[in-house]
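What the coordinates show
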Amino acid sequence: MTPRATDRARYDRATAHLDAPLALVDLEAFDANADDLVRRAAGKPIRVASKSVRCRALLERVLGRDGFAGIMSFTLAESLWLARAGFEDVLLAYPSADRAACAELAADPKLAAAVTVMIDDPAQLDLIDAARDGGREEFRICLELDTALRLFGGRVRIGALRSPLREPAQLAELARSIARRPGFRLVGLMAYEGHVAGVGDALAGRPLRSRAIRLMQSAARKELAERRAAVVRAVRAVAPELQFVNGGGTGSVQHTAAEEAVTEIAAGSGLYVPRLFDNYTSFTGRPAALFAQPVVRRPGVGVVTVLGGGYPASGAPGADRLPAPYLPEGLRYDGQEGAGEVQTPLLGPAADDLLIGDKVWFRHAKAGELCERFDTLQLVEGDRVVAAVPTYRGEGRTFL
């Protein structure tokens, strides 16, 4: 049996008593991926991106391991929920316009001590002040640096449209404005190089594009390392008590960790290893999070139909945003239907060995977005389910 066939046999045995649709996390693979992230971080702590996990039990599991410290959250409401649940170091990765959550944070010393909010514009400070509703707690503030690579005099931009703050002088000026305002304390800097960390550089069947991506990423890493170091120096001159400089992502852990200016690394998708992380030369992970759909029809030779399965990932639409049929090997989508909301035909020789009620296992294109579809994750060790834990959705929490 191939390794994948062995995994399929284990997962089928472990979940034989459960009806699909269902989702599982292979704990052995999850832990091995965590170890690999720590190895690549080379001694710098990893802040876990909750967006990529969306399950409190697994956040607790990974934060209990050496090499991990703190959470990077994705909404302010989520940040407060996690802080109330006992997580003591939560960095909000995106600016918030949630006035009610700002008022809660301003009124609660425990929350104010645990949560750091992200800004890149003085108007965000104005919003917080207007939302305090009498609360007097000091807000911990992190500034975000734009990491995009700009070429040809700025006419070409490669990277996400995030912060408007790019040059050291811009961040230093905002740091000074924070220092002048009561109720705020600058504690950190964050720079997420998504065009390096989140873009695979080994695309199957596309060698020229893969080489172009590697050249772009090499140039981007060099440019950003120099600029990030200059930004940190400029901001520390204003705020010498700066507590952390966060950077990176699953695909760039070892490169970002090598920068002296960076004190911690952000990563999360590398724990589950969704399909978008198959195309990297810098690391190889083990698929840890999968979901199963049941075979409900056999329309003809070489085709089966499973229930549902149309769970596309966010981002620019394309085939790479669809889940991938994974187990058994050798299944593919029908070009006319793709992955459907209520049914998904699958083609290939493996279809003829599947019976009504059998499970087909899929990998999501992204990591945590899988958890928006399922209330529960079945945690598997070997060929046994050892626990069933709720996702955010299973706890009644849908933050976005």
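Refer to the structure printed above.
The structure contained in this document is the topic of the report that follows. If you're wondering where the values come from, they're calculated on a predicted model, not measured in any experiment.

1. Digging into the packing of aromatic side chains
- Per the stated rule, a full pass over the model turns up 15 aromatic pairs.
- Between Y11 and W361, the aromatic rings sit 5.7 Å apart at their centres with planes inclined by 55°, giving tilted as the arrangement. With Y11 in helix α1 (residues 3-14) and W361 in strand β17 (residues 359-363), this residue pair connects regions lying 350 residues apart in the sequence. Of the two residues, Y11 and W361, both sit in the buried class.
- Aromatic side chains F74 and Y392 sit 6.4 Å apart centroid to centroid with 20° between the ring planes, which places their arrangement in the stacked category. Remark: Y392 occurs in the segment after β19 (384-390) and F74 occurs in the loop between β3 (68-73) and α4 (76-84); sequence separation between them is 318 residues.
- The class of F74 is buried, set by a relative accessible area of 6%.
- Every member of this aromatic cluster is reached through a ring pair, and the members are F74, W81, Y392 and F399.

2. Here's the deal with the nonpolar core
- Counting residues in hydrophobic clusters, the biggest one holds 94 residues, and the most contacted among them are L58, I141, L143, Y272 and L377.
- Here the element with the most residues in this core is helix α2 (residues 27-41); it accounts for six residues.
- Those residues in contact with L58, other than ones at most four positions away along the chain, are V25, L27, F30, V53, Y272, L377 and L379.
- Core analysis: the next-biggest nonpolar cluster, separate from the first, contains 11 residues, A14, L24, L290 and A292 among them.

3. Details of the sheet that holds strand β4 (residues 90-92)
- Strand order in the closed barrel formed by eight strands is β2-β3-β4-β5-β6-β9-β10-β11, and the pairing between neighbours is parallel. With direction set aside, neighbouring strand axes in the sheet form an average angle of 30°.
- Bridge count for strand β6 (residues 139-144) against strand β9 (residues 184-191) is six bridges, and the pairing is parallel. Paired with F139 across the two strands is F184, which belongs to β9.
- Contacting β5 (115-119), β6 and β9, helix α8 (residues 168-180) crosses the sheet at an angle of about 170° to β6.
- Sitting on the sheet, helix α10 (residues 207-238) touches β9 and β10 (244-247), and the angle it makes with β9 is about 175°.

4. Remarks on the pairing of strand β18 (residues 376-381)
- In the sheet, strand β1 (residues 22-26) pairs with β18 via four bridges, with the strands oriented parallel. Residue pairing across strands places A23 opposite L377, the latter belonging to β18.
- The turn joining β18 and β19, which pair antiparallel and follow one another in sequence, is formed by two residues; a positive phi near 65° is taken by G382.

5. Here we look at helix α3 (residues 56-63)
- Those residues of α3 lying buried are L58, L59 and V62. The buried residues of α3 all sit within an arc of 105° when viewed along its axis, so they share a single face.

6. Quick word on the environment of T376
- Mapped onto the fold, T376 is located in strand β18.
- Judged by relative accessible area, T376 falls into the partly exposed class, the value being 31%.
- Through-space distance from the C-alpha of T376 to that of A148 is 37 Å; in sequence the pair is 228 residues apart.
- Discounting chain neighbours no more than four positions away, the residues touching T376 are A23, A388, V389, P390 and T391.

7. Let's talk about the environment of V199
- Tracing the backbone through its elements, the reader meets V199 in the loop between α9 (194-197) and α10.
- When the C-alpha atoms of V199 and E395 are compared, they prove to be 32 Å apart, with 196 residues separating the residues in sequence.
- Those residues within four positions of V199 in sequence are excluded, and the remaining contacts are G194, I213, Q217 and Y280.

8. Some words on the pattern of salt bridges
- As enumerated under the stated definition, the model contains 35 salt bridges in all.
- One salt bridge connects D320 with R321, and the closest N-O pair in it is separated by 3.5 Å.
- Shared partners join several salt bridges into a network, and the residues in it are D146, R150, R157, R166, E167, E223 and R227.

9. Some details on the side chain of D36
- Relative to the helices and strands, D36 resides in helix α2.
- What D36 contacts, discounting residues up to four positions off in sequence, is F283 and T284.

10. A closer look at the packing of α8 against α10
- Between α8 and α10, whose axes approach to 8 Å, the crossing angle comes to 25°. When the axis of α8 is compared with that of α10, the two are roughly parallel. For the pair α8 and α10, the sense of crossing is right-handed. Together, P168, L171, A172, A175 and R176 of α8 and A230, V231, A234, V235 and V238 of α10 make up the contact between the two elements.
- Residue composition of the contact of α8 with α10, grouped by class: nine nonpolar, no polar and one charged.

Conventions we followed
Residues numbered from 1 in each chain as written. Predicted model: local features only at pLDDT ≥ 70, side-chain atom pairs only at ≥ 80, totals over all residues. Heavy atoms only, no water. Phe/Tyr/Trp six-rings, centres within 6.5 Å; stacked < 30°, edge-to-face > 60°. Helix = DSSP H or I, 4+ residues; strand = E, 2+ residues; numbered from the N terminus. Buried < 20%, exposed > 50% of the residue type's maximum accessible area, 1.4 Å probe, protein only. Core = buried A, V, L, I, M, F, W, Y, C linked by side-chain atoms within 4.5 Å. Contact = heavy atoms within 4.5 Å. Pairing = 2+ DSSP bridges. Axes fitted to C-alpha atoms, helices over the stretch in contact; angles between N-to-C directions. Arc of directions from axis to C-beta. Salt bridge = Lys/Arg side-chain N within 4 Å of Asp/Glu carboxyl O. Parallel < 35°, antiparallel > 145°, perpendicular 65-115°, else oblique. Left-handed = near helix turned anticlockwise from the far one by under 90°. Nonpolar A, V, L, I, M, F, W, Y, C, P; charged D, E, K, R; others polar.

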